[in-house]
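Summary of the model geometry
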Amino acid sequence: LILGQSCALVRYLAQNYDHDHVLLPADKDAAATADEWLNWGDVDLWVANLRSVYVAWARTPEDKWNRVLMDRLWGETHASFQIIDDILGRRPYLAGENFTMGDMSAAVAANRYFKMTYGNRPSFPNVAAWLERLKSRPAFVIHVWDVPLV
């Protein structure tokens, strides 16, 4: 089986190999919440906001930046991070009390966002604390945190 979409791959692995129900909770409502956050991180956070400014920042020479567009996108990205900062102020992980697949795509985007050196960024203390919790997971450190931005 070859899957070209990261969320489909995460779902497949969770459905077929997560026997302890860490990534995909056994409770159907909790599983749906985790699935919703997996999609939100990929679509609403990454594709709709951060990807465009990240690609422009990382792959375009600074003298060619469209700063008006990048500043608008950067601001929209802040608004998305405010959403998850508010959620993470009420619970330790996006989908609830435990790490699930719902944290995965937003965590990858957050890693990029916090490592970018473009513009000013509001303080998101709950997102920062969440990233620290995720850094206690060796797989997150190896496959996300320690991977250089490109």
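Report follows, based on the coordinates. Owing to the predicted nature of the structure, the values given are computational and were not obtained by experimental measurement. (Residues numbered from 1 in each chain as written. Predicted model: local features only at pLDDT ≥ 70, side-chain atom pairs only at ≥ 80, totals over all residues. Heavy atoms only, no water.)

Describing the pattern of salt bridges
The line we're drawing: The salt bridge criterion pairs a side-chain nitrogen of Lys or Arg with a carboxyl oxygen of Asp or Glu, the two atoms within 4 Å. The buried label goes to any residue with under 20% of its type's maximum accessible area, the exposed label to any with over 50%, and the partly exposed label to all in between, with areas taken from a 1.4 Å probe on protein chains only. Helix and strand definitions follow DSSP, with helices as H or I runs of at least four residues and strands as E runs of at least two, each counted in order from the N terminus.
By the definition in use, this model includes 4 salt bridges. Between Arg-67 and Glu-62 there is a salt bridge whose closest N-O contact spans 3.0 Å. The class of Arg-67 is partly exposed, set by a relative accessible area of 40%. The closest approach of N and O atoms between Glu-76 and Arg-72, which form a salt bridge, is 2.8 Å. Remark: Arg-72 and Glu-76 occur in helix 3 (residues 67-88); sequence separation between them is 4 residues, near one turn of the helix.

With respect to the packing of helix 4 (residues 104-115) against helix 5 (residues 125-134)
We apply this condition: Helix axes use the C-alpha atoms of the stretch in contact, all axes being lines fitted to C-alpha atoms, and the angles between their N-to-C directions lie in the range 0 to 180 degrees. Roughly parallel means an angle under 35 degrees; roughly antiparallel, over 145; roughly perpendicular, 65 to 115; everything else is oblique. Two helices cross in a left-handed way if the nearer one is turned anticlockwise from the farther one by less than a right angle. They cross in a right-handed way if the turn is clockwise. Any two residues whose heavy atoms approach within 4.5 Å are treated as being in contact. Any residue outside Ala, Val, Leu, Ile, Met, Phe, Trp, Tyr, Cys, Pro, Asp, Glu, Lys and Arg is labelled polar, Gly included; the first ten of those are nonpolar and the last four are charged.
Two elements in contact, helix 4 and helix 5, have axes separated by 11 Å at closest approach and are oriented at 115°. Taken as axis vectors, helix 4 and helix 5 run roughly perpendicular relative to one another. Considering the relative orientation of helix 4 and helix 5, their crossing is left-handed. Touching Ala-106, Ala-107, Ala-110 and Phe-114 of helix 4 are Val-127, Trp-130, Leu-131 and Leu-134, all from helix 5. For the contact of helix 4 with helix 5, the class distribution of residues is 8 nonpolar, no polar and no charged.

Describing the nonpolar core
Applied cut-off: What makes a nonpolar core is a set of buried Ala, Val, Leu, Ile, Met, Phe, Trp, Tyr and Cys residues whose side-chain atoms join them at distances within 4.5 Å.
Among the nonpolar cores identified, the biggest contains 44 residues, and Leu-50, Val-127 and Trp-130 are the most heavily contacted of them. The set of elements that each furnish at least two residues to this core consists of helix 1 (6-17), helix 2 (28-59), helix 3, helix 4, helix 5 and helix 6 (138-145). Broken down by element, this core gets its largest block of residues, 12 residues, from helix 2. When near neighbours in sequence (up to four residues on either side) are disregarded, Trp-130 contacts Ile-84, Leu-88, Pro-92, Tyr-93, Leu-94, Asp-103, Ala-106, Ala-107 and Ala-110.

Considering unusual backbone geometry
The residue His-21 is not glycine, and still its phi comes out positive at about 55°. By secondary structure assignment, the location of His-21 is in the loop between helix 1 and helix 2.

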